[in-house]
Amino acid sequence: MLSAQDLFITFNPGTPIETRALRGMSLEIPAGQFVTVIGSNGAGKSTFLNAISGDIGVDTGRIAIDGLDVTRSPVWERAERVSRVFQDPMAGTCEDLTIEENMALAQQRGTRRGLRGAVKQAERAMYRERLSTLGLGLENRLTDRIGLLSGGQRQAVSLLMAALQPSRILLLDEHTAALDPRTADFVLQLTARIVQENKLTTMMVTHSMRQALDVGERTVMLHQGQVVLDVSGEERARLDVPDLLKMFEKVRGEKLADDALLLG
């Protein structure tokens, strides 16, 4: 389904602030698998998601979705295959448009857009039905500006929007980090339902070690732009947060020692 091979991305090359964000990163994810992604700040998590979505071009390497090479494809060409929900509840939606207008735009993702009239009655009925599944009463607020919603409500709508137009991959970039614990739990449960119902191949970046082990079926750890841990199945099931923290510290220590040898 998703194949990322030997990806390299360097920001500001040849300058004093040169940053090697991805350093030969490779990852294969089969169709329908839900992967949680962890790592320290600067590990390359968001950069990797940006590379998959096309928001950042890779220096070298190859990205394929369903066997189709999309390495040099722009964002709009990948939009029919890749959807995304961001950390900031304000991102990914237009606060000055209504809920139904935002959903209409999401429904057109990956299609050629032109001038069109108001939201059609059949579309409005579908949006109302989808929103009713949230249990938040938003099906009665279709004409409210989406900027009036709370962060949790907006993230819930963003998840529905991500699944309106059939896609293959869902990218979640710390989409619960800005929410309070109760709302974050609601959004995670909604995430699991949407992923299962739509059979989406999913990558969820998180800073929560608990989420990294409880959500999905596979956990990948990045460090300095490379995959340093990849666990699933019984091996993952046996892990608890302290185990993951020990692995994280061990990897960081080994990498720092390797870097010291190289610099020496």
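Per chain, the residues get numbers from 1 upward, laid out in the order the sequence is written. Selection of residues for local features in this predicted model requires a pLDDT of at least 70, selection of side-chain atom pairs for listing and counting requires 80 or more, and totals for whole chains, interfaces and linings are taken over all residues. Each side-chain value is worked out from all heavy atoms of the structure, with water and hydrogens disregarded.

Looking at an unreviewed UniProt entry, one finds the chain named Phosphonate-transporting ATPase, with Alicycliphilus denitrificans as its source organism. UniProt positions are given in the numbering used here, feature names are shortened, and annotations may be inferred rather than shown by experiment. Checking UniProt for the chain, the heading Subcellular location (unreviewed entry) contains the comment "Cell membrane". In the Sequence similarities (unreviewed entry) part of its UniProt record, the chain is described as follows: "Belongs to the ABC transporter superfamily."

Remarks on the overall build of the chain
In this text, helices come from DSSP runs of H or I with a minimum length of four residues, and strands from runs of E with a minimum of two, each type numbered from the N-terminal end. Scanning the chain from N- to C-terminus turns up 9 helices and 10 strands. Atoms counted for the radius of gyration: C-alpha only. Globule rule: 2.2 Å times residue count to the power 0.38. Radius of gyration (C-alpha) of the chain: 19 Å, near the 18 Å computed for a compact globule of 264 residues. Along the first, second and third principal axes, the C-alpha atoms of the chain reach 65 × 40 × 35 Å. Within the chain, contacts between residues separated by at least 24 positions form 69% of all contacts whose residues are at least 6 apart in sequence. Seen as two clouds, the 31 positive and the 34 negative side-chain charges of the chain have centres 4 Å apart. When checking whether two residues touch, look at their non-hydrogen atoms; a contact exists if any pair is within 4.5 Å. In this count, Lys and Arg are taken as positive residues and Asp and Glu as negative ones, while His and the chain termini are left out. Just so you know, the charge point we use is NZ for Lys, CZ for Arg, CG for Asp and CD for Glu.

Brief notes about the domain arrangement of the chain
We note that the domain assignment places domain 1 (1-24 + 38-78 + 207-244) and domain 2 (83-108 + 117-199) within the chain. Domain delimitation in this document rests on an assignment produced automatically or drawn from a domain database. Its C-alpha centre places domain 1 at a distance of 25 Å from the equivalent point of domain 2. Residue-level contacts link 13 residues of domain 1 with 9 residues of domain 2. Reported buried area values correspond to the accessible surface (1.4 Å probe) lost by two parts on association, with both partners' losses combined. For the domain 1 and domain 2 pair, buried surface summed over both sides reaches about 940 Å², with 59% attributable to carbon and sulfur atoms. Sorting the residues of domain 1 by area buried against domain 2 places Met1, Leu49 and Gln211 first, and these three jointly supply 42% of that buried surface. Criterion for a salt bridge: a side-chain nitrogen of Lys or Arg within 4 Å of a carboxyl oxygen of Asp or Glu. Taken together, domain 1 and domain 2 are joined by 2 salt bridges.

Re the side chain of Ser40
Tracing the backbone shows Ser40 in the loop between strand S3 (34-38) and helix H1 (45-53). Sequence-distant contacts of Ser40, defined by excluding residues within four places in its chain, comprise Lys45, His207, Leu222, His223 and Phe248.

With respect to the environment of Thr206
Along the chain, Thr206 turns up in the loop between strand S8 (201-205) and helix H7 (209-214). Classification of residues uses two cut-offs on accessible area relative to the type maximum, computed with a 1.4 Å probe and protein chains only: under 20% is buried, over 50% is exposed, and between them is partly exposed. The buried category is assigned to Thr206, whose relative accessible area is 4%. Of the polar contacts made by the side chain of Thr206, one reaches the backbone nitrogen of Ser208; its length is 2.9 Å. N or O atoms within 3.5 Å of each other form a polar contact, as long as, within protein, one can give a hydrogen and the other can take it, and as long as residues adjacent in sequence are counted only when both atoms are side-chain atoms.

Structural notes on the pattern of salt bridges
Inspection of the entire model under this criterion finds 13 salt bridges. Arg84 is the partner of Asp55 in a salt bridge, and the nearest nitrogen-oxygen pair spans 3.3 Å. Linking Asp55 in the loop between H1 and strand S4 (60-65) with Arg84 in strand S6 (residues 82-85), this pair joins segments that are 29 residues apart in sequence. Owing to a relative accessible area of 46%, Asp55 belongs among the partly exposed residues under this scheme. Owing to a relative accessible area of 15%, Arg84 belongs among the buried residues under this scheme. Asp144 is the salt-bridge partner of Arg141, the closest N and O atoms lying 2.7 Å from each other. Of the residues examined, Arg141 reaches a relative accessible area of 24% and is grouped as partly exposed. Salt bridges linked by common partners bring Asp55, Arg84 and Asp173 together as one network.

Section: the sheet that holds strand S9 (residues 218-223)
Spatially, S6-S7-S8-S3-S9-S10 is the arrangement adopted by the 6 strands of the open sheet, whose pairing is mixed. On the outer flanks of this sheet lie S6 and strand S10 (226-232), each paired with one strand and no other. The average undirected angle you get between the axes of adjacent strands in this sheet is 20°. With 6 bridges connecting them, S9 and S10 associate as antiparallel partners. Bridge assignment links Met221 to a residue of S10, and that residue is Leu229. Angles shown run from 0 to 180 degrees and are taken between the N-to-C directions of axes, each axis being a line fitted to C-alpha atoms and, for helices, limited to the stretch in contact. Relative to S6, helix H5 (residues 151-162) is tilted by about 180°, and along the sheet it contacts S6 and strand S7 (169-173). At least two DSSP bridges between two strands are required for those strands to pair.

Regarding the confidence of the model for the chain
Of the residues in the chain, 92% have a pLDDT of 70 or more, and the chain-wide mean is 90. Within the model, pLDDT remains below 50 along residues 256-264, and this stretch shows 1 contact once partners closer than five positions in the same chain are excluded. Residue-level confidence of the predictor, termed pLDDT, takes values from 0 up to 100.

Some thoughts on the sheet that holds S4
With antiparallel pairing, 4 strands are arranged side by side in an open sheet as S2-S1-S4-S5. Only two strands of the sheet have a single partner each, and these edge strands are strand S2 (19-29) and strand S5 (68-69). Sheet topology places strand S1 (residues 2-11) next to S2; 8 bridges connect them, and they run antiparallel. Following the sheet pairing, Ala4 is matched in S2 by Leu27. The strands that H1 touches are S1, S2 and S4; relative to S1, the one it contacts most, it runs at about 115°.

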